[in-house]
Amino acid sequence: MDYIYEENRIYAKREDNLLLAEVTFPARDDVRVNLDHIYIDQSLRGQRAASDLMLLAYNYIKDRNKKIIAKCPYAIKWFKRHEEYQDIVINVKTKKKA
């Protein structure tokens, strides 16, 4: 899938312009973004498209030296499952196992 990168959005469309996948992360200030929305078309669900899109967003945001405030329920759950990507996330932390 070919993704289109914008300042606060990554998305993909079909040839007929139908939105297939989207993640948005508007700037909160100069240092932080709110990762507030992820959308995956029904045709892509169950194929790891949402997880792949989260990783693209993480890398894009990290490359710009920004921090993430996860607002989207899926994003919060994703970061809790992927501790290795929590280094730039402000509001999601997993509990360390004793």
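Structural notes, computed from the coordinates. (Residues numbered from 1 in each chain as written. Predicted model: local features only at pLDDT ≥ 70, side-chain atom pairs only at ≥ 80, totals over all residues. Heavy atoms only, no water.)

Things to note about unusual backbone geometry
We note that Asn17 has phi near 80°; this positive angle belongs to a residue other than glycine. By secondary structure assignment, the location of Asn17 is in the loop between strand E2 (9-13) and strand E3 (19-24). According to the relative accessible area criterion, Asn17 is exposed, its value standing at 52%. Located in the positive-phi region is Asn65, a residue other than glycine, with phi close to 55°. For Asn65, the position within the fold is in the loop between helix H1 (49-63) and strand E6 (67-70). (Helix = DSSP H or I, 4+ residues; strand = E, 2+ residues; numbered from the N terminus. Buried < 20%, exposed > 50% of the residue type's maximum accessible area, 1.4 Å probe, protein only.)

Here we look at the sheet that holds E3
One open sheet holds the four strands; their spatial order is E1-E2-E3-E5, and the pairing between them is antiparallel. For this open sheet the edge positions go to strand E1 (4-6) and strand E5 (37-40), each flanked by a neighbour on one side alone. Averaged over neighbouring strand pairs, the angle between their axes works out to 15° when direction is ignored. Where E2 and E3 come together, five bridges link them in antiparallel fashion. Bridging from a neighbouring strand, Lys13 pairs with Leu19 of E3. Strands in contact with H1 are E1, E2, E3 and E5; relative to E5, the strand with the most contacts, it is inclined by about 140°. (Pairing = 2+ DSSP bridges. Axes fitted to C-alpha atoms, helices over the stretch in contact; angles between N-to-C directions. Contact = heavy atoms within 4.5 Å.)

Let's talk about the nonpolar core
One finds Val23, Phe25, Leu35, Ile61, Ile68 and Phe79 to be the most contacted residues of the largest nonpolar core, which totals 27 residues. Sorting the residues of this core by element identifies E3, strand E4 (32-35), E5, H1, E6 and helix H2 (73-81) as the ones contributing at least two each. (Core = buried A, V, L, I, M, F, W, Y, C linked by side-chain atoms within 4.5 Å.)

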